[in-house]
Every structure is written in C-alpha cells, then in structure tokens.
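# A structural walkthrough
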Amino acid sequence: MDGSEVGPERKRRSPLLVFGLLLAVGLILTGVFAPWLAPYDPLQPDPRVPVGLPAPPSSQHLLGTDSRARDVLSRLIHGARLSLSVGLGAMVLAVGLGTLVGVLAGYFRGSVDVLLMRLTDVVMAFPAILLALAAATVLPQRNAWTLILVIGLISWTAAARIFRSETLSLRERVYVEAARSMGASHGRILARHILPHLLPTLLVVASLSTAATILMDAGLSFLNVGVPAPAPTWGSMLLDAQQYYSVAPWLAVWPGLAVLLTVASFNLIAFELRRRESRGAKG
Amino acid sequence: MSLRMHSGPFPLAPALRALLLAGILPLAVGCGGGGESTGSSAGGAGGSGEQVLTVATAEVASSVDPAMAFDTWSTAIVHAVTRRLVDYDQDAKLIPDLAERWETSSDGKTYTFHLKPDAKFADGTPIEAKHFQSAIRRVQDPETGSPGADFYAGISEVEAPDARTLVVKLKAPDPTLPNVMGMTFAAPIQENPDPMRPVSSGPYQLETFEPGSQVVLKKNPNDTAAAGWVDRIVIQLKVEEPLQMTRLRNGEVDLLPGIPPAEYARVMNDPSEKDNVAQGVVNQTWYFGVNVTHAPWDNPRVREAAFLALNRANQVSVAGAGQVANAILPPYVPAYDASRKLPDQNVARAKQLLQEAGYTPGKKSVMWLSNSAVYQRRAELIQSDLAAIGIPVELRPVTFSEYRKGYRNDADCWYGGWYPDFPDAGNFLEPVFHSRNIGPGKNNAAHYRNPQVDTLLEKARITPPGDERIALYRQAEDILLKDLPWMPLYYEMETRYFRDNVEGVVVHPVWRQMLTGIRKQ
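Below: a short report on this structure. (Residues numbered from 1 in each chain as written. Chains lettered and ligands numbered in written order. Predicted model: local features only at pLDDT ≥ 70, side-chain atom pairs only at ≥ 80, totals over all residues.)

Here we take up the overall build of chain B. A tally of regular secondary structure across chain B gives 14 helices and 19 strands. Along the longest, intermediate and shortest principal axes, the C-alpha atoms of chain B span 75 × 60 × 40 Å. Within the span of chain B, comprising 521 residues, buried residues form 57% of the whole. Counting contacts in chain B only where the partners sit at least 6 residues apart, residues at least 24 apart contribute 73% of the total. (Helix = DSSP H or I, 4+ residues; strand = E, 2+ residues; numbered from the N terminus. Buried ≥ 20, exposed ≤ 12 C-beta atoms within 10 Å, placed from the backbone. Contact = placed C-beta atoms within 7 Å.)

Turning our eyes to something else, we now look at the overall build of chain A. The number of helices and strands found in chain A is 11 helices and 0 strands. Counting from the amino terminus, helix and strand elements in chain A follow one another as α-α-α-α-α-α-α-α-α-α-α. Seen through its C-alpha atoms, chain A measures out along the principal axes to roughly 75 × 50 × 30 Å. For chain A, buried positions account for 42% of its 283 residues. Expressed as a percentage of contacts within chain A between residues at least 6 apart in sequence, the contacts between residues at least 24 apart total 72%.

On to helix H5 (residues 241-249) of chain B. Residues and elements named next belong to chain B. Of all the residues in H5, the buried ones are Glu241, Gln244, Met245, Arg247 and Leu248. Around the axis of H5, the buried residues are gathered within 165° of arc, so they sit on the same side. Immediately beyond the C-terminal end of H5, within one or two residues, lies Gly251, with a positive phi of roughly 80°. (Arc of directions from axis to C-beta.)

Take the packing of helix H3 (residues 72-108) of chain A against helix H4 (residues 110-125) of chain A next. Residues and elements named next belong to chain A. Where H3 contacts H4, the axes come no closer than 7 Å and their chain directions differ by 145°. As for the relative orientation of H3 and H4, their crossing is left-handed in sense. Here Val101, Leu104, Ala105 and Phe108 of H3 lie close against H4, whose contacting residues are Gly110, Val112, Asp113, Leu116, Met117 and Thr120. Classifying every residue of the contact of H3 with H4 gives 7 nonpolar, 2 polar and 1 charged. (Axes fitted to C-alpha atoms, helices over the stretch in contact; angles between N-to-C directions. Left-handed = near helix turned anticlockwise from the far one by under 90°. Nonpolar A, V, L, I, M, F, W, Y, C, P; charged D, E, K, R; others polar.)

In this section: the interface of chain A and chain B. Every contact between the two is made by 20 residues of chain A and, on the other side, 22 residues of chain B. Here the residues of the side of chain A that touches chain B sort into 11 nonpolar, 7 polar and 2 charged.

This next bit is on the pairing of strand S17 (residues 486-498) of chain B. Looking along a regular strand, one sees side chains alternate from face to face of the sheet. Residue and element names in this part refer to chain B. Within S17, 13 of the 13 residues are buried, which leaves it mostly tucked inside the rest of the structure. Across 2 bridges, strand S11 (residues 255-256) lies against S17 in antiparallel orientation. Of the residues in S17, the one forming a bridge with Leu255 is Phe498. Summarising the sheet, strand S12 (residues 277-290) and S17 pair through 10 bridges and their orientation is antiparallel. Within S17, the residue paired with Thr285 across the bridge is Tyr491. With 2 bridges connecting them, strand S13 (residues 323-324) and S17 associate as antiparallel partners. In the sheet register, Gln323 faces S17, and the bridge partner there is Tyr491. (Pairing = 2+ DSSP bridges.)

Residues and elements named next belong to chain B. Strand order in the open sheet formed by 4 strands is S4-S5-S7-S6, with antiparallel pairing between adjacent strands. The sheet terminates laterally at strand S4 (99-104) and strand S6 (155-162), the two strands that pair on one side only. Ignoring strand direction, the axes of neighbouring strands in this sheet form an average angle of 20°. Sitting on the sheet, helix H3 (residues 129-140) touches strand S5 (110-115), S6 and strand S7 (165-170), and the angle it makes with S6 is about 160°.

So this is what it looks like as structure tokens:
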C-alpha cells in the first residue's frame, strides 16, 4: 500500500499500537534468539538445586526453578519460541484457509456460497477446544507441526465469515464491474481488485487470530495434549505449577504473565489497526 | 501350574489398578486446619451415639459381589464385608482367619483346611466348608465371568467332607494356594447369592449399594472383632478431588484416600498436619524398563551405565512419597531381601562404562508412559538423567489404555509400575521375566530371555514356602539385578488424609485401601 497517500491526521501515532508492536516484536525476537538468551538448558535440571519442591527466585535462577530443578526463566524463554511458532504457524494456516473460503464464497455467491458457508457453520457449531482436544487425542504423534495443523484447521471460520462479507461488498464496487465488463477473468479480478483491498482487514484478522491461536495452544498444553513433555510450553508450565500453588505460587505467575502479555499485544495491535481503519474509512 | 502367572488378564488388571492408584493417590486432598471436630459427620447416615465414618473417592465401586470385585474400592468393600480362610497381618504375613490351620499332602497337590468352630454369617447361619466350596465353584464357572477365574483354574476339585473340613485338590502342586484362598474371590457365600446384596461373613455388612454414587456399610453384630470400630461407613463415590477437599474441610467427609496434588506439598510440609496423615509403603515397584532386544539396550554395559545415571532419590522427591528401591521385588513379599543395596547415581562411572561399551548415540529411544502429570514428572527426570550421559530418549505420553498396549508391543523402553496379586515373588516375577511370556501384548515387555532365570522361576514355583523357595527367588533376582532389564526406581507409598478425630487408619501392604479397624473419637 502506498503510505504517502495517508492524510496528516492518520499519521498520528497511537501509543497503544506502538506498545503492542514493541511487545510483539520483543516476544518474537525472544523466541528467535531463545537459545542465546536463556541462561540454562530448559530441559536439564541444575545439579546444584535439589529436586522435589520448586525453589524460589534467586540470583542464580532469576525466576526460580521448578520441581525438577530446571530453570524457570530458560523454560519461559524457550516457551516463547514454541508458543509463537505454533501460534503464528496456526494463524497463517487459519487465515489462509479463511481467506480462501471467504473470498470464494463472497465472490461467486450462489451455491458455492451456500456450500462453503454451511461448512463453516458446521465447524463453528463445535466448541473449538472440544474439537482441538479430540483431534489432539487421536493424533498418532503430537509435535509442533501437528499442533499447528489441529489449531489451524479449527480456527479458520471467523476469518472466512469476515472475508466473505468484505468480498460481498467489494465485488459490487464500480471498478470491479468495470473490469468485469471489459472481460477480465475471475482470477484477474480476484487478484487485482479484490485481494489487495482485503489487506487492511487481513492485518486485523491475522493479529486477532494470532492471539486466539496462542491462547488455544496454551490451553491445549495445560490440558496435557499440547507439544508433549518435556517441551517447555507455557501451558504445561501452568499445569505443573498447579500442584505447587500453595507452596510455590510464583511458579504459576510467570507463564500466566507470558500468555497474558502475548495475547494482549496481538489483541492491542488488532484493536488499534481496526480503529485506524474505521477512522480512515470515515475520513 | 499356577495359571495366574500366565499372561491372562490377571497381572494386567491389578497393574491397571496399581497405576491408576499411583496416578491419583500421591495427589490426594488436604484440609484447612484440621479444624473443629464435630463428633459425628454428615453423609446420609446418623443417629444418636452412632459413629459414622464418611469416605470420599473419585473412583467407583463396580461390584460388591465377591466373585466380581476387582477394582480398588470393590475389593476394599468386599474385604470389609467378608472373612476368608486366611488373612494378612500388617507385615503382609499370611495368618489364619476362618481356617484354624491347614495341611498339605506330600505331593503338594491336596490342601486340607480346618475351619474355626463358631464363625457365623451376619444372618446367623454358621459358616461351613460348603460355603467356600460354592464360592470357588462359582468363580470357576465360566458363566459367572469372574475376573478372578484364572487364579482358581489350577484347582481340580473342592470337597467338603464335613462342615469344618475343606479339601482342595490341585492339578499340579502350587504352594501359593493359601494366598489364592486369601483373595476376596474365595470369601464364603451362601447358596444362590444375590450379587447386589451378599450376606456378610465379615466385620461389616452391606446396608446400601448404589453403584457410582454411594455405598453404606454397617457393623455386623455377629463379628466381635469389630468392637470399637465405627458403626457405619459411608463411601461417597465419584467425588472429584477438589470437592473432596471442600467436603473434608466442611466436616462432611472424614477420610480421603489421598491428598490432591495441589495440596500435597502444603499438607506434608505443615507440622500441624502430621497426625492427619497415614502413609505406608505398598507392594509396588516403579521401574524403568527396557527392551533388551532393541539398541542400545541390547548391550548389558549400556544398561549398567544407564542405571548408574539414574537418580532414584530424585524420583521419590518428585513423586512426593516413596521409598528408594534397592531390589526388583517389593518389600512385602517373603523373598524380599532388605539387605540389598544398589549403587547410587554415579555419572562419571556411567560415562566411562558407556565409553567402554563403545556406545555412540543413535536413534532416540522411545519411552512409553501414561500421560498423567505426575507420571510425566518422573519420566522427565529419567530422560534428563540419561541425557546427561548422552543417551537420547524421547517421551511418548499416551492415555493409560494406550500405554498398557503400547509398552507391551515391542517398545524401546517404558516407565512402569508393577505389583503382585498377592505377596509372592513368583506371582510378581514370572509374568514379566519368564521367556514364555515374551510376545506381542504379553507381560515380558523387556523381551528378557535367560534360561537360568526360567529354570530358577520354574523350580521355585513348586518349592514349598520356606528358605529354599526364598533362596531360589533371590538367586533369580540376583541375575536380574545384574542384567537389569528393569531398573528399579522406588516403591510406591500411599497416603491417607483424615480429620483430627479419626484413628486407626493404616495403609495395608496387601489390601492397600482398608476400611476395617477405623475408630472415631
């Protein structure tokens, strides 16, 4: 998109957007550089720390250790890598699929629309977490890839609905009619006149969807059907902390905070982008 | 031949029970401050001066029929409402109960039990030899579909020549017959028993049985041993753990079979809770099992190195309770040797052994385990212990039923818990180490094949109880501990949690969950 067209008032920076972006970028960088950032191996116990009860934060272990004497900070940092890869991977799949379904349904309307939207309804009719649980349970092997698949294949419906209604209105625009009357093919109209105009919505949907997929990933790990142990997922750290909440309450705080901040950052970005866009549309 | 040792459903079912227990119990429930004793508790039954003990469990009791009861609570209930020919004391020693004494024929194939004179059912009917005869015939009858049928398959004939003499004839000598007669399956029954309402022969009798909801027992007035024990026992079934805790705090429940995970650490670290907890080691060995036909476990020196890499004390720390195992046999079988000592973790030596073995890290070994969080913690420690000496292991946490199938199906290695159906070394060792039990779905998942061990186990099986039998099983165990198809980790310890006014709660090494002998102030 051409930034130079943006009017002066829209140039005003929203501090919330900046905050959200900084946070998200920071988290992504943490994930990317996890092996260099983490002070310890997230899987190996520190032989100097006794196994048994979790140890509180100390100068050696800034966030303490878990019941198996593993450094919580290192697990948290590596957890960022896992959570974000699963979250972003599932988001790409979900948004991609959602866009495809939504655009095709909205553009072709008629029986294509009916078919695709009823399919969407069917998937939506099931509570997402139940579907994910069932899918994760029957998988022959659970790892980051299969989890991306499961979460992605469940989370595309919202995107499909949004893109369908956007496409429905876009296809009636004058320039689309003009292109059609000049004999442009469906493919050309979709690629040149519909998809580019979906981009602002796409950014919002992607951001929202990332927040949702990360939350679902954490939820599945908490239910013990995420990436299996000993992978340092935030959800499994929460699950582990549950047993010790009365003697080591801090153990639940760190992964909880990590999930909260991550989800909040992507939601903030989505929220701010949408606000700007609606303001832009009015202006 | 004692059929129970074959790979029939038997060793599997108790193992299932054991593992379920182990998954749930180290986690059970804790209470607020122990609080005010309310004297008698709510729970459906009451009455002036009557003492009611209310127990809550997340599990169910599927049957109160002696021929059918096999899960933890069904067995505990049948145990409380029956007496058998023999019983076990708190050290798991076999003691006479309804049988005064018994003798064995010289060929070991005939047992004659002499019954006590004045034992009575709760309805006043004298307990006679024919009642044991009916019980065994009923369990043996395929129509009954008893899960205990295999235990009694070696019995060719049961005779009751007079009211106080019971003669049991065997197809082959089996010195563990008295143990088999001590199982709840062999409790005496009257003719045409009502499976929902068996007539009691024990200290308690069944008052109401609502499967999946509640069971109420009341004292049997004809059984004098129960004097001083609580008058009624209410067992609330299917009570989720967090709710158990709330009910105990509110005084609605007096006794819990364990402490829930979220409260365990707090309760055990609170000195004021000391008198509200009973713990005891039971006959169950937790171990790391390997398939000796799969690399790298096919190399005995790699196995030895792996064992030296393991920190068994850490297993206990993370499990919360337990006793480090220095043998494969659990503490309450007669052949258990308390003087055994296995080497402690020695990473340097383990690495050296690996080097001598010419070990190079290959494909990751897949370790099967049940996917409960408690299980996983312990398995993760094994994984990191082995990683520290350079043996890569991948965890395969699956549902319990998948696990049971999976590890018996040519797995690389697994995290296991095993316990005998009754305190006998043969019952424990033979299913899992005799080469006859190698095969898909069979119990010798280690694929361990050692003719010497086979011979020792076969010889010990027909040797009458005593030093010679013990020596044979110990020899077999010596070899196993050298070969290490199983690396023993620790013995299971169970925990009960109860209110201040409850007394006499024990963890029994054989019966585990026991409802008898409990008093209330």
